[in-house]
Structure formats: structure tokens, C-alpha cells
Amino acid sequence: MRLTRYFLPVLRENPAEAQIVSHRLMLRAGMIRQQAAGIYSWLPLGFRVLRRIEAIVHDEQQRAGHIPLLMPTLQPADLWRESGRYDDYGQEMLRIKDRHGRDMLYGPTNEEMITDIFRAHVESYKSLPLTLYHIQWKFRDEVRPRFGVMRGREFLMKDGYNFDVDYDSAMHAYNRHMVSYLRTYERMGLHAIPMRADSGPIGGDDTHEFLVLADTGESEVFYDKAILDLKMGGRNVDYTDRAACAAIVHEWTTPYARTDETHDVSLYHALPQDRQATSRAIEVGQIFYFGTKYSEPMGAMVVNEHGERVPVHMGSHGIGVSRLLGAIIEASHDDKGIVWPEGVTPFPVGIVNLRQGDTATDAACDMLYAALTARGLEPLYDDRDERAGAKFASMDLIGLPWRITVGPRGLANGKVELTSRRSGESEEMSPEAAVDRVAQIYAGV
RNA sequence: CGGGGCGUAGCGCAGCCCGGUAGCGCGACGGUUUUGGGUACCGUAGGUCGUAGGUUCGAAUCCUAUCGCCCCGACCA
């Protein structure tokens, strides 16, 4: 993409309404625009990152054997009357009447609707196990939205629902979700820690939240530093192997890690002093097992292998997709701007032409642009007639992880410069070598 | 929902107390200059002063109502 052909309304100054760094940077980098309290338009750069995050979530869910579908944002109130949550949910639920006076709502979550779909079409244990998920906009009419997309009223969420014939099978689904989530966050450059959590209004027995450590987080967490050393490292998981999944879950849930809601002081103090740690953290996902909480009242039954009709065992599992942008920026930025992890960056690499209009630098940039594009690495080419400083500042602000700088000075020796946004280190090399290096970097992403 | 604050140009702000018909910086646009970290200078465009009503010869400014947004707290993914 050529910057002169793009829509990237960057701001040089900080908007007054933004308090935390991710909100400031998203506004300054032209990623979002607030349309009402807690409701945002996603401008092209932000939309690109949102789509990248979605793609990773989809990929990892399907790798785990979970099946995508799409449910609507608007739901009939009657479904929620069946589960009893229509009255329980309170003012957070946005209630709407259609032209016929029927009660509708903008879904804050989809347990009722997925249960309705399930009960209409599934009769037998032979159809199980089944996990259906979607990535859809939700609305929760928060009293006080804040922190940009981290706590908006409208938000994009992946929510998945497992249906299993018994407890053991449902726990495997739970474990599958934990493992897939760990892989998902790691691909986004995040270290998300599963922590035992409260079940809250969704209800249930077993539940873990995934938290990313950040000073601006809303939760207070206590953990054993040993958990910071754990890595999935892209290890290949056989999701049909119950023991293998359980082993990974065991590995990640053994070190102490809890939010203030479930914090156990005596367990925590039993840790060696130098491993006790406390921090603020951002919640980026949660998994629940809740058994037959919805299947019983809503009549989602299956016939088991003994010919008995039993309520199906369920769980629900969420990832805050739009919130993740904020969380990633909170975890990865410096005083100049965002530093995108390669896995989610809106563009893999930027090209900065230091002398726009110069025959040699223009030609070199065009060559780089074509070569990178041909290798599936769409660059953002700053072809504006701006000074070097302005171009560098913009690139640093929007946070592309790699930058190729093309100037007359280097080009006289046949060299361009490849710079890491994260380390700030630069290396001179031929344009061809720079393309190879960038391709090599992204080969493993 | 309790407490506090703010709505003036795309962004950041001044002007309001003490009424006289709107200004600064940045950005945008045009030009000259400059050319490896937001260059300098000249010029141009852009505002129903959130909205409605009231007081007044006259309202961004005073009064009333209303809407919106932000912050702290409680709540929450």
C-alpha cells in the first residue's frame, strides 16, 4: 500500500479524552474513531489489525477442531426468558422493541441462542463432541465505558460453546480450549496467564481467565514467577489426545496464579519469597465449564449410548478480540509509539523513501515494493513528499516491526537499511538481501 | 448510579469572571526553502462557539433547560 493512496489520519498531538497509552496510540495512529461512548469506528489501519487477530483466532480454533458459524447480533427476548436471564441480566443488556412491539435485545453473549440451535438439530451422542463458535459483535451497556477498545460497550468477541455427552468429555473440551487459547495468545506476541477465576453472571463451576500483565490492567493478580517461563513455543498439539491436552493444562495451572477474586493468601505465601509477584493485568479471555445450566431449562437433550435422554454438558469460551488490540499495545509500545508483534502487525514492513522524486530512490523503492508484494509481504510504502523526520516519526508511531529505509546516501553504495522497530537496530544491505531477510523473518510467523 | 469536570476549526487550547459580533499553536492546502529523525519563512482555506429557550440595543460570555463527552468511585469482558 502506498501511503499517498491510503487513509491514515495520524495525529501529532494527544487527544484529550484518552487516558491510557493504548487508547492514545490507537487514536494517534488513526486506527479508531469514537462515535459514541464506548463505540468505535475501525479506520483502515485498526481494521487491518482487527482482521489479523480474528484470523489467528479462527485458525487456532479450527486447528482444535472447533467449527465456525455466525449468529446474529439481535436476538429475541423469548430465548432469554427460557433461561431466566432476561430478568437477571439487568441494565447492561440493551433492550430493543421491533415495529411489532416484540422484545429484542442486542446480544451480550450467545449461550441461549447456541443452545436453541443445538436442541433443534442434535439428538444423539453420536453427533458429539461438538464445539461451535463465532466471532461477532456484542453489546454490553456498561455504566462507564473507558480505556478505548479495552472497555467499550460494543466489542468484538469470539465465543465458543462445547456440547458433550458427559463430564469427562466436557472437561476435555475445556482443556482443548485452554490449550488453543495459549497458542492463540502466543501467536499474537502475548504472554497470557491462565488464572483460576470467579464464574460471574454466566455461572458455572470450572473457569479460568487469561490475563496479560500490564500496569493499566483492571484486575489485580498474584502469581508464581515460574509461570512466566512457560511457553507453548508453537508445539504441535494433538487435540484428540485427552491425556496430552490435560498434561498441558496441568503444566499451566500448577504454578500459583490468581486474580484478587480468588486469591488465596496462604497458598501464595507458601511460595518462595523471590517467586511471589503481584501486578495489574488485562483480561483477554475466559473459559467456563457450566454443565447443564442451560441445557436443562432449555431442553437441550441427547440420547446417550444407553438409550437415556440426558441434558448435554456445555461450556462457553470467550476471547475479547477487539480488546486484544488494546492489550497488545499496552504490552508492546515505547515513547515513540506502537511496536506491533509480527503476528498481528497491519503491514509486515514499511518502506521509507528519504528523497521522494529522486530517480534512484524512487526506482529502488518501487523494486522493493514489487519484490515484497510478490512474496506475500505487503509493505506500507511512505511515498509522501515529506522530510525524513516526519516519515520516521509516522512509521514509529504506527509501529510496523520492520522498516526499510531508502536514501540517496546508502543507495550510492547499493545499500538500503533494515531497521527493527523493537530494538531500533539497523543493518545496511542490498535491497535484494533486505527482501530476503524480511521474508525469512515472516516465514516462521 | 453517586461525586467532579468539560463542550469554541481536524487535534490541543485561549477568550467567559468584567456582554460589543471569535483568536493562538499544531495539522491541512498553495508557494519558496530544506533534504538521513516532525526544517524555516510567506500565504490560503476552515468555526450555526453542543442544542433549545430566555435576559439584553447587542450573548461564546449572563440565566434556564437539555444533549453529549471525560475523570474518580461502585460495577463489569
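Everything numeric in this text was worked out from a predicted model, so none of it was measured. (Residues numbered from 1 in each chain as written. Chains lettered and ligands numbered in written order. Predicted model: local features only at pLDDT ≥ 70, side-chain atom pairs only at ≥ 80, totals over all residues. Heavy atoms only, no water.)

J.: Quick question: what am I supposed to make of the sheet that holds strand β4 (residues 74-76) here?
T.: Strand pairing in a sheet relies on backbone hydrogen bonds, with the paired strands running either antiparallel or parallel. Overall, antiparallel pairing links the three strands, which are arranged β4-β6-β5 in an open sheet. Among the strands making up the open sheet, the edge pair consists of β4 and β5 (94-97). Strand-to-strand twist in this sheet, taken as the mean axis angle between neighbours without regard to direction, amounts to 35°. Here β5 runs beside strand β6 (residues 103-106); their pairing, made up of four bridges, is antiparallel. The residue of β6 that forms the bridge with Leu 94 is Tyr 106. (Pairing = 2+ DSSP bridges. Helix = DSSP H or I, 4+ residues; strand = E, 2+ residues; numbered from the N terminus. Axes fitted to C-alpha atoms, helices over the stretch in contact; angles between N-to-C directions.)

J.: Would you mind going over the protein's contact with RNA strand B with me for this structure?
T.: Around RNA strand B, the surrounding shell holds 40 residues, and the nearest of these are Arg 12, Arg 144, Gly 152, Glu 283 and Asp 396. Protein-proximal atoms of RNA strand B, defined as those within 4 Å of the protein, fall in sugar or phosphate at a share of 48%. Ala 16 is positioned with one of its backbone polar atoms (N or O) 2.8 Å from a phosphate oxygen of RNA strand B. Between RNA strand B and Gly 410 there is a distance of 3.0 Å, counted from a base oxygen to a backbone nitrogen or oxygen. Mapped onto the surface near RNA strand B, the elements with two or more residues apiece are β1 (32-36), α12 (388-398), β21 (402-406) and α13 (408-411). (Near = heavy atom within 4 Å. Polar contact = N/O pair within 3.5 Å; in protein donor to acceptor, adjacent residues only side chain to side chain.)

J.: Would you mind showing me how to read the sheet that holds strand β20 (residues 379-382) here?
T.: The strand order across the open sheet formed by five strands is β20-β19-β21-β22-β23, and the pairing between neighbours is mixed. Since the sheet does not close on itself, it has two edges, and those belong to β20 and β23 (426-429), each with one partner. This sheet shows a mean twist of 20° between the axes of neighbouring strands, independent of strand direction. Across four bridges, β21 lies against strand β22 (residues 416-420) in antiparallel orientation.

J.: What is the right way to read the layout of surface pockets from this model?
T.: Over the atoms, a rolled probe matching the size of one water molecule traces out where space is still vacant. Here the largest pocket is characterised by a volume of approximately 1000 Å³. Considering the residues around the largest pocket, the lining is formed by 41 residues, among which Arg 140, Glu 209, Glu 283, Gln 286 and Arg 323 are closest to the centre. Every element with two or more residues in the lining of the largest pocket is listed here: β8 (154-164), β13 (276-291), β16 (313-320) and α10 (321-331). By residue number, the principal contributor to the lining of the largest pocket is β13, which donates seven residues. In this structure, the second largest pocket spans a volume of roughly 270 Å³. (1 Å grid on protein atoms, 1.4 Å probe; cavity = no way out; pocket = protein on both sides within 12 Å on 5 of 7 lines; lining within 4 Å. Points joined across faces, edges and corners; volume = space filled by probe spheres on them.)

J.: Just to check I follow, could you spell out the side chain of Arg 153 for this structure?
T.: With respect to the element layout, Arg 153 can be found in the loop between β7 (130-139) and β8. In this structure the side chain of Arg 153 is engaged in a polar contact, spanning 2.9 Å, whose partner is the side chain of Asp 141. Here Arg 153 is in contact with Ala 36, Ala 37, Gly 38, Ile 39, Lys 138, Phe 139, Arg 140, Asp 141, Glu 142 and Pro 145, once residues within four sequence places are set aside. (Contact = heavy atoms within 4.5 Å.)

J.: Please explain the pattern of salt bridges as it appears in this structure.
T.: A side chain with one charge may pair with a side chain of the opposite charge, provided their charged atoms come close. If you walk through the whole model with that rule in mind, you get 30 salt bridges. The salt bridge partner of Arg 85 is Glu 111, with a shortest N-O separation of 2.9 Å. Residue Arg 85 is located in helix α4 (residues 85-88), and its partner Glu 111 is located in helix α5 (residues 111-121); the two are separated by 26 residues in the primary sequence. On the basis of relative accessible area, Glu 111 is assigned to the buried category, the value being 1%. (Salt bridge = Lys/Arg side-chain N within 4 Å of Asp/Glu carboxyl O. Buried < 20%, exposed > 50% of the residue type's maximum accessible area, 1.4 Å probe, protein only.)

J.: Is there a simple way to explain the domain arrangement of chain A in this structure?
T.: Many analyses report the size of an interface as the accessible area lost when the parts associate. As far as domains go, chain A holds domain 1 (3-338) and domain 2 (349-443). Computed over C-alpha atoms only, the centres of domain 1 and domain 2 are separated by 37 Å. Each partner contributes to the interface: domain 1 provides 16 residues, whereas domain 2 provides 12 residues. Summing the contributions of domain 1 and of domain 2, the shared interface buries around 1200 Å²; its carbon and sulfur component is 57%. Across the contact surface, domain 1 and domain 2 share two salt bridges. The salt bridge partner of Arg 48 is Glu 378, with a shortest N-O separation of 2.8 Å. Counting across the domain 1 and domain 2 interface gives nine residue pairs in polar contact (both at pLDDT 80 or more). (Domains from an automatic or database assignment. Buried area = accessible area lost by both parts, 1.4 Å probe.)

J.: Would you mind going over the side chain of Asp 396 with me for this structure?
T.: With respect to the element layout, Asp 396 can be found in helix α12. Residue classification places Asp 396 among the buried positions, given a relative accessible area of 13%. Beyond its immediate sequence surroundings of up to four residues, Asp 396 is in contact with Lys 336, Gly 337, Ile 338, Arg 403 and Arg 421.

J.: I would appreciate a short explanation of the pairing of β16 in the present structure.
T.: Put simply, side chains in a regular strand alternate between the two faces of the sheet. For β16, a buried count of eight out of eight residues is recorded, marking the element as mostly surrounded by other parts of the structure. Of the two faces of β16, the one carrying His 313, Gly 315, His 317 and Ile 319 and the one carrying Met 314, Ser 316, Gly 318 and Gly 320 are both buried. Judged from the eight bridges that link them, β8 and β16 form a sheet pairing that is antiparallel. Opposite Lys 158, over in β16, you have Ile 319 as the bridge partner. Of the strand pairs in this sheet, β13 and β16 are connected by six bridges, and their pairing is antiparallel. Pairing of Gly 285 across the sheet is with Ile 319, part of β16.

J.: Explain the packing of helix α11 (residues 359-374) against helix α14 (residues 431-443) to me, please; I cannot follow it from the model alone.
T.: When two helices pack together, their arrangement is given by the angle between their axes and by how far apart the axes lie. It is at 10 Å that the axes of α11 and α14 come closest, and there the two elements cross at 30°. Considered as vectors, α11 and α14 are oriented roughly parallel to each other. In this structure, α11 meets α14 at a crossing whose hand is right-handed. Of the residues in α14, those touching α11 at Met 367, Leu 368, Ala 371 and Leu 372 are Pro 431, Glu 432, Val 435 and Val 438. By residue class, the composition of the contact of α11 with α14 is seven nonpolar, no polar and one charged. (Parallel < 35°, antiparallel > 145°, perpendicular 65-115°, else oblique. Left-handed = near helix turned anticlockwise from the far one by under 90°. Nonpolar A, V, L, I, M, F, W, Y, C, P; charged D, E, K, R; others polar.)

J.: Which parts of the structure should I look at to understand unusual backbone geometry?
T.: The bulk of non-glycine residues show a negative phi, and the bulk of peptide bonds are trans. In this structure, Pro 129 follows Leu 128 across a cis peptide bond, with omega equal to 0°. Tracing the backbone shows Pro 129 in the loop between α5 and β7. Residues other than glycine seldom take positive phi values, yet Phe 147 does so here, at roughly 65°. Along the polypeptide, Phe 147 turns up in the loop between β7 and β8.

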